[in-house]
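Fold and geometry: a report
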Amino acid sequence: MTSAPQSSVRPGAEPLERDGDSTGVLLVHGFTGTPQSMRPWGEFLAEAGLTVSCPLLPGHGTRWQDMNATTWQDWFAAADGAFNRLRERCETVFVMGLSMGGTLTLRLAEVYGSDVAGVVTVNPSLGTDRKVAVLAPLLSRIVPCLPGISSDIKAPGVDEVAYGRVPLRAFASLRELWAVTAPDLGRIVSPVLTFRSRVDHVVEPSSGRILLAGATSCTVSERILEDSYHVATLDNDQKTIFEGSLEFVRTHAVVSG
């Protein structure tokens, strides 16, 4: 596994851990983001009595340069480790993620099958319609980063703790994660609840179509968010996400025993 340079973690980007009952929830943040985007969600679930873990993924929460020293395998290993630590403490474990975090949780469901009690994703990324993306491996050898889109939030006065640049080597690795995850969606047997913002300036609707078309071995429910942009966990529809995910957990935790 690649080791990222050691840098100071930005205020607000720290991991989130909350002890609760025997039902665990893994929360995974997005590409260039941090647990800050998941913290209100995690606190809501913890207040409902659940055990919650939201790790800071390698290369994130410090400097954008650190991300270029990491790959999707590093990010997945961090999510995988947190998932298995929850499995040791809890009888039932759900996985939930925003954007790339949603991609990583879907990958966990592909790998672990019914050991994942359920999946909740918010604007998961499984590809892009931007033609320039195919040039990322080549561009990354010339320039280290490009301007990015962070804080894609409709609610006024709300900011995301995230990089304002897209580290290109890391982005090229994200494309590899898409290439691994999308073809294996049919392996998911856990129920899936996915939230998709009607207007999203980061992830196009095609990712949602890929998920719905590919996850053929499980039940998938899609809910459209009408009043939020990409970082919907910090936006106007966060209550819909939080309450919907808790209802999902309570429904499927009972079914799972």
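This section reports on the structure supplied with the text. Per chain, residue numbering runs from 1 following the sequence as it is written. Note on the predicted model: pLDDT of at least 70 is required for a residue's local features to be given, and 80 or more for side-chain atom pairs to be given and counted; whole-chain, interface and lining totals, by contrast, use all residues. Excluding hydrogens and water, the side-chain figures rest on all heavy atoms present in the structure.

All right, on to the overall build of the protein chain then. The helix and strand labels rest on DSSP assignments: H or I over at least four residues marks a helix, E over at least two residues marks a strand, and numbering proceeds from the N terminus. Within the protein chain, the secondary structure is distributed over eight helices and nine strands. Only the C-alpha atoms count toward the radius of gyration. The rule for a globule is 2.2 Å times the residue count to the power 0.38. What you see for the protein chain is a C-alpha radius of gyration of 17 Å, in line with the 18 Å of a compact globule of 257 residues. Only the protein chains shown count as cover for residues, with accessible areas throughout obtained via the Shrake-Rupley method and a probe of 1.4 Å. Per element, the accessible surface of the protein chain, about 10600 Å² overall, is 52% carbon and sulfur. For the purpose of counting charges, residues Lys and Arg are taken to be positive, whereas Asp and Glu are taken to be negative. His and the chain ends are not included. Charged groups are reduced to one reference atom each: NZ for lysine, CZ for arginine, CG for aspartic acid, CD for glutamic acid. Here the protein chain contributes 22 positive and 28 negative side-chain charges, whose respective centroids are spaced 6 Å apart.

Here, a strand pair is defined by DSSP locating no fewer than two bridges between the strands. The mixed open sheet is built from seven strands, whose spatial order is β1-β3-β2-β4-β5-β8-β9. In this open sheet, the two strands that pair with only one neighbour each are β1 (16–18) and β9 (220–225). Taking each pair of neighbouring strands and ignoring which way they run, the sheet shows an average axis angle of 15 degrees. With six bridges connecting them, strand β2 (residues 23–28) and strand β4 (residues 92–98) associate as parallel partners. Counted as the bridge partner of Val28 is Gly97 from β4. Only C-alpha atoms enter the line fits that serve as axes; for helices the fit covers just the stretch in contact. Angles between N-to-C directions range over 0 to 180 degrees.

Each residue's exposure class comes from its accessible area (1.4 Å probe, protein chains only) as a fraction of the maximum for that residue type: buried when under 20%, exposed when over 50%, partly exposed otherwise. Within the span of helix α7 (residues 205–214), buried status applies to Ser206, Ser207, Gly208 and Leu211. Turning to α7, the residues buried within the fold contact α4 (100–112), β5 (118–122) and β8 (192–197). The contact definition used throughout considers only heavy atoms, calling two residues in contact when any of these lie within 4.5 Å.

Where β8 lies against β9, six bridges are found, and the strand directions are parallel. Residue pairing across strands places Ser197 opposite Leu225, the latter belonging to β9.

Turning next to helix α1 (residues 39–47). The set of residues buried in α1 consists of Trp41, Gly42, Leu45 and Ala46. Along α1, the residues classed as buried sweep out an arc of 130 degrees about the axis, all on the same side. Within two residues after α1, Gly49 carries a phi angle of roughly 105 degrees, on the positive side. The reported arc concerns the directions from the helix axis to the C-beta atoms and nothing else.

We now examine the packing of aromatic side chains. To pair, rings of Phe, Tyr and Trp, with the six-membered ring standing in for Trp, must have centres within 6.5 Å; the planes then decide the type, stacked if under 30 degrees apart, edge-to-face if over 60, and tilted in the middle. Applying the stated criterion to the full structure yields eight aromatic pairs. Taken together, a centroid distance of 6.3 Å and an interplanar angle of 15 degrees make the contact between Trp41 and Phe242 stacked. Placement of Trp41 in helix α1 and of Phe242 in helix α8 (residues 238–256) is noted, with a sequence separation of 201 residues between them. No difference in accessibility class separates Trp41 from Phe242, as the two residues are buried. Ring geometry for Trp72 against Phe76: centres 6.3 Å apart, planes inclined by 65 degrees, an arrangement best described as edge-to-face. Here Phe76 and Trp72 lie together in helix α3 (residues 72–89), a separation of four residues that amounts to about one turn. The exposure class assigned to Trp72 is buried, which follows from its relative accessible area of 12%. On the accessibility criterion, Phe76 (15% relative accessible area) is buried. One aromatic cluster in this structure is built from Phe31, Trp75, Phe171 and Trp178.

Opposite charge on two side chains lets them pair, provided their charged atoms get close. Salt-bridge detection follows one rule: a side-chain nitrogen of Lys or Arg within 4 Å of a carboxyl oxygen of Asp or Glu. On inspection of all chains with the given rule, the structure shows 12 salt bridges. Of the charged contacts, one joins Asp184 and Arg107 as a salt bridge, the two residues approaching to 2.8 Å between their closest N and O atoms. In this pair, Asp184 is assigned in the loop between α6 (168–181) and β8 and Arg107 in helix α4, connecting sequence segments 77 residues apart. Counted as one network, the salt bridges with shared partners bring together Arg107, Glu110, Asp184 and Arg187.

Bringing the environment of Phe195 into the picture now. Within the fold, Phe195 resides in strand β8. The buried category is assigned to Phe195, whose relative accessible area is 0%. Apart from residues no more than four positions distant in its own chain, Phe195 is found in contact with Val120, Thr121, Val122, Asn123, Pro124, Arg223, Leu225, Thr240, Ile241 and Gly244.

With that out of the way, let us pick up the pairing of β4. Of all seven residues in β4, seven are buried, a share of seventy percent or more. Because side chains alternate across β4, one face comprises the buried residues Thr92, Phe94, Met96 and Leu98, and the other comprises Val93, Val95 and Gly97, equally buried. Whether a crossover is right-handed depends on one test, that the path from the first strand over the helix to the second runs clockwise when the strands point away from the viewer. One crossover worth recording links β4 to the parallel β5 by way of α4, and it is right-handed.

Structurally, Ser221 is set in strand β9. The class of Ser221 is partly exposed, set by a relative accessible area of 41%. In sequence terms Ser221 and Pro11 are 210 residues apart; their C-alpha atoms lie 35 Å from each other.

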